[in-house]
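The lines below spell out each chain.
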Amino acid sequence: MPTHAEFGPFSAHQIKIVNRTVSLAEELVSDHYKMSASQWLRPKYDVKTLIDLKPEEIVYGPFAQIVRYEGHRKDAALSSGVFDYYKICLQDHAIHEVLQDSPAISLFPFCLYIITHELIHIVRFSKFLQSFDASPQEKLNEEKRVHENTHKILKPIKVSGLSAVLEFYSKWRQPLEDMCSG
């Protein structure tokens, strides 16, 4: 069985699929949180795939991670021009591995779940519903909350293959005690 290191970056065709998932996930999350286009633009973020990641943004295990940077407005010399900039770092190698090992899961619904999940985190950070620098236990609790919200947003959506992805993440909808003991 190949290891993470044996899986490379997404192909040009796969990047197009990821871009479509980003557009749909943005729409779904903004609808869920009742955010207007101007509100949606306020939380500064970007989605990058393996080819555009710095070495320190590449991890082994998760399918994506959010890295927070400090942004500065070009026209603001004072500290009032500072803002949080979030980078969703997709881990192509980890996603490829799941796609190979789980034939029922395809790229579009899997990335739709991943991107929706990460956008929910960003909205929650931006609305101060969750601290980016939380304790390990609070991060675990937040992961569970965000998985529950992701499921709530995606469950009614009619996307081919999405039910297999929702099943893949079903353990996150169990009590934390059951997850830790299983």
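The rules behind each value
- Residues numbered from 1 in each chain as written.
- Predicted model: local features only at pLDDT ≥ 70, side-chain atom pairs only at ≥ 80, totals over all residues.
- Heavy atoms only, no water.
- Helix = DSSP H or I, 4+ residues; strand = E, 2+ residues; numbered from the N terminus.
- Expected span 1.5 Å × (residues − 1).
- Buried < 20%, exposed > 50% of the residue type's maximum accessible area, 1.4 Å probe, protein only.
- Polar contact = N/O pair within 3.5 Å; in protein donor to acceptor, adjacent residues only side chain to side chain.
- Contact = heavy atoms within 4.5 Å.
- 1 Å grid on protein atoms, 1.4 Å probe; cavity = no way out; pocket = protein on both sides within 12 Å on 5 of 7 lines; lining within 4 Å.
- Points joined across faces, edges and corners; volume = space filled by probe spheres on them.
- Nonpolar A, V, L, I, M, F, W, Y, C, P; charged D, E, K, R; others polar.

### Overview of helix α4 (residues 107–126)
In this model α4 runs 28 Å from its N-terminal to its C-terminal C-alpha over 20 residues, within 8% of the 28 Å that 1.5 Å per residue would give. Summarising burial for α4: 19 of the 20 residues are buried, a large majority. Downstream of α4 by one or two residues, F128 has phi in the positive range, about 60°.

### Considerations on the side chain of K87
Examined against the element boundaries, K87 turns out to sit in strand β3 (residues 82–90). By relative accessible area, which is 9% here, K87 ends up buried. A distance of 3.0 Å separates the side chain of K87 from the side chain of E57, its partner in a polar contact. Every residue in contact with K87, bar those within four places of it in the chain, is listed here: D46, K48, D52, E57, Q65, I66, V67 and Y69.

### Observations regarding the layout of surface pockets
The calculated volume of the largest pocket comes to roughly 620 Å³. Lining the largest pocket are 25 residues, with A64, H117, E118, H121 and E143 positioned closest to its centre. Residue assignment for the lining of the largest pocket shows that the elements contributing at least two residues are β2 (64–72), α4 and α5 (136–154). No other element matches the six residues that α4 contributes to the lining of the largest pocket. Classifying every residue of the lining of the largest pocket by side-chain character gives 14 nonpolar, six polar and five charged.

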